[in-house]
Amino acid sequence: MLSQAPNVKLFNATACEDLIVREDPVSGRYVGGAVTNWTLVSLNHDTQMCMDPNVIESKVLVSSTGHDGPMGASGGSTVSSFV
């Protein structure tokens, strides 16, 4: 089962706030990870004290919400800006 592989990490109730973009001299820019925060923290920025986001560096990122979400919209615009 894929979710039991040692190099696979699953995050629940997590919102992606930004993408980490890296520069490679040969292939150009690429997505090298994501900046995430807990969903409740992201939804309540005005009512809760600020919490530091989590930085996840990865070769592969998969958004599997099962529906269109903000990650798809913001990630698509970020990727298209450097392609």
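Just so you know, these numbers come straight off a predicted model, no measurement behind them.

1. Thoughts on the sheet that holds strand β1 (residues 14–24)
Paired through their backbone hydrogen bonds, the strands of a sheet run either parallel or antiparallel.
No. 1: The sheet built from three strands is open, its strands ordered β1-β2-β3 with antiparallel pairing. With partners counted over all chains shown, the strands left at the sheet margins are β1 and β3 (54–57), one partner each. In this sheet, adjacent strand axes meet at a mean angle of 30 degrees when their direction is disregarded.
No. 2: Relative to strand β2 (residues 28–38), β1 runs antiparallel, the two being bridged by 10 bridges.

2. So, the environment of Val35
No. 1: Inspection of the secondary structure puts Val35 in strand β2.
No. 2: With 17 residues separating them along the chain, Val35 and Asp18 place their C-alpha atoms 5.1 Å apart.
No. 3: With residues up to four places along the chain from it excluded, the contact list for Val35 reads Ala15, Cys16, Glu17, Asp18, Ile20, Pro53 and Asn54.

Conventions and cut-offs
- Residues numbered from 1 in each chain as written.
- Predicted model: local features only at pLDDT ≥ 70, side-chain atom pairs only at ≥ 80, totals over all residues.
- Heavy atoms only, no water.
- Pairing = 2+ DSSP bridges.
- Helix = DSSP H or I, 4+ residues; strand = E, 2+ residues; numbered from the N terminus.
- Axes fitted to C-alpha atoms, helices over the stretch in contact; angles between N-to-C directions.
- Contact = heavy atoms within 4.5 Å.

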